[in-house]
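# Structural overview
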Amino acid sequence: MRGCIIANAVTEMTFLDSALEEEAAGILKEVEQMYTDVIRREQLAGALVNNTDPVILAEGANVIINGRTEDKTLQAVERLLVTTGRGSWAEIFWIRRPAQKPDRPEYPAAYSPLRDRQGETNAHSNQPHGKRDRLPVNHITAESFRSHELVRKFRKTFGYVIMIQEFNTRLKGPKTHVLLIGVGGYPYLKGGTEAKQQSPELAGLGQLTSPVASVKAMYEKVMEYNVQDVWSKPLGSIEMLLTPPPGLPPVFPGMNVENASLANIEDAYFSWKKRCDAHEENVALFYYCGHGFQKKYHFLLADDFGKQPANPWRGAFNFDDTRDAFYSCKAATPIFLVDACRQVTIEMLEKDLTVAPIDLPSLSNPEESKNHLTLKATASGQVAYGKKNMPTYFTQAVISGLDGLVARQDENEHWLVDTSSLGLNIHRLLELINSKQSFKQRCQINSGIPTDIVRRKTAPIAWLEVSCDPATALPLAGLTCTEDDEGASAPLTRKPMPDAWKLNIKAATYKLAATFEAGGDFTGGFIKTSLIPPFRKINVKCQ
């Protein structure tokens, strides 16, 4: 038994449709993992007295661990035990709280009316069923499971368990806290599931696929850095909101990620800010990808934008004032990455448009946090770009920078990515990501005193472009790239080709050589060079 909580009923769900059983079992496993994570987190935080699996966690009552009463209480009002049954059924238990009896302070564990009804031992509690009151049982099919009232309540009430993931809870000191918001689906805009007629200038505003891919890429990178232990401040938490457009498959199977409505964004923001406020050396990373507009301030759209066509802006928030309000937080390193357009419409100019921020700036706030960084994907009045179903160019550029394309080496030979290097090199990174673009996507950068974000002991990847001098030698040259290290791997080679040789390899010293067939116009060439992020172009002089 993983864990449970007091509630007011026992509900049993029996799946009679075997064709849909697999889907239902998957949902149950998702919910089970959700509450398993809750129990683990409370154990690590010291809310439980030991690391054994709790039998019952009671609201405002003694905690029962393996049938033994402990004088510990939990702040939680509700927890849920979920078990996945065998065969063609599964159960969700809510455990009702009986009257307290002096001779029996414990609360009864969950039981299953579907199991042996003759009073034999219950597999969960090792106690008989026979004398227990049996509560009403509701049978539903797997087909209706997703829309069942209880399941909706579980997801609504406990969605934060998966939406917020906490890490390194035993570590003291500063941490990195991440808030990711992706809005690709807009139900009330063109192509949405509840599309409404909007004003002429907003009629073409519709669904986006890039925010889904972008948030996924950012989430995976945050997790990768945690595994690699390269965050300059250990990862403390990830909070994520995501609304995909209609028709996309699940982005994070097995995870209960809440949609990016304005109400959910507000809740997530204040939850994130509170965690960031716990230590003055915390790193606070905010990322948004979706639709945006700009008048005097930059407005970001939640997924319920357009719900009231007469005033669609009720589904948006003023980012600039929200960011300024965040500076009241203790965290000295707030990083805001905003991947959204900043266009203005005629209707916006004609109206006295006011969009409220999520958080209100105070006149007593400092102007900016010491190590702040704000990167906006595009300039005022301009568009941010990306390919369908791919991370945006801006997001790709940010990730490549964090991966080490803007890293520098310190006196300990560690490779550091800091707020300044990421901001100052963002345009160069955009050019590397999409060198053939016919436009120049101009980002807006606002930064304070540089501070490290990522710190690596191993060399990062850098980009190398190799050609020949004279250029006429390149189509005839066989090229070789060998790391100047005795323990290095085998050389990289390329057959003669007319285009420059582009390599993504770790920062190091390399020997580059060009060879030619005997009897030709060229005999060969050689050069030794150091490759330092982000990239380098080298011409091998050929004789």
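Everything below is about the structure printed above this text.
What you see is a predicted model; the values in this text were computed from it and never measured. (Residues numbered from 1 in each chain as written. Predicted model: local features only at pLDDT ≥ 70, side-chain atom pairs only at ≥ 80, totals over all residues. Heavy atoms only, no water.)

## As for the sheet that holds strand 19 (residues 452-456)
The 3 strands are arranged 16-17-19 in an open sheet whose pairing can be described as antiparallel. Two strands in the sheet have a free side with no partner beyond their single neighbour: strand 16 (408-409) and strand 19. Where strand 17 (residues 415-418) meets strand 19, 4 bridges bridge the pair, whose relative direction is antiparallel. Pairing of Asp418 across the sheet is with Asp452, part of strand 19. Strand contacts of helix 8 (residues 393-405): strand 17 and strand 19, with the helix running at about 50 degrees to strand 19, the strand carrying the most contacts. (Pairing = 2+ DSSP bridges. Helix = DSSP H or I, 4+ residues; strand = E, 2+ residues; numbered from the N terminus. Contact = heavy atoms within 4.5 Å. Axes fitted to C-alpha atoms, helices over the stretch in contact; angles between N-to-C directions.)

## Topic: the packing of aromatic side chains
For the structure shown, the criterion picks out 16 aromatic pairs. Aromatic side chains Trp272 and Phe336 sit 6.3 Å apart centroid to centroid with 85 degrees between the ring planes, which places their arrangement in the edge-to-face category. Residue Trp272 is found in helix 5 (residues 262-276), and its partner Phe336 is found in strand 14 (residues 333-339); the two are separated by 64 residues along the sequence. Taking relative accessible area as the criterion, Trp272 reaches 0% and is therefore assigned buried. Accessibility expressed as a relative area gives 2% for Phe336, which makes it buried. Ring centres 5.4 Å apart and planes at 35 degrees place the aromatic pair Phe516 and Phe522 in the tilted group. (Phe/Tyr/Trp six-rings, centres within 6.5 Å; stacked < 30°, edge-to-face > 60°. Buried < 20%, exposed > 50% of the residue type's maximum accessible area, 1.4 Å probe, protein only.)

## Description of unusual backbone geometry
Note the cis peptide between Asp469 and Pro470, where omega equals 10 degrees. Along the chain, Pro470 falls in the loop between strand 20 (461-469) and strand 21 (478-483). With an omega dihedral of 5 degrees, the bond running from Pro533 to Pro534 counts as a cis peptide bond. For Pro534, the position within the fold is in the loop between strand 25 (525-530) and strand 26 (535-541). The backbone phi angle of Asn389 is positive, close to 65 degrees, even though this residue is not glycine. Here Asn389 shows up in the loop between strand 15 (373-376) and helix 8. Residue class for Asn389 comes out partly exposed when judged on its relative accessible area of 44%.

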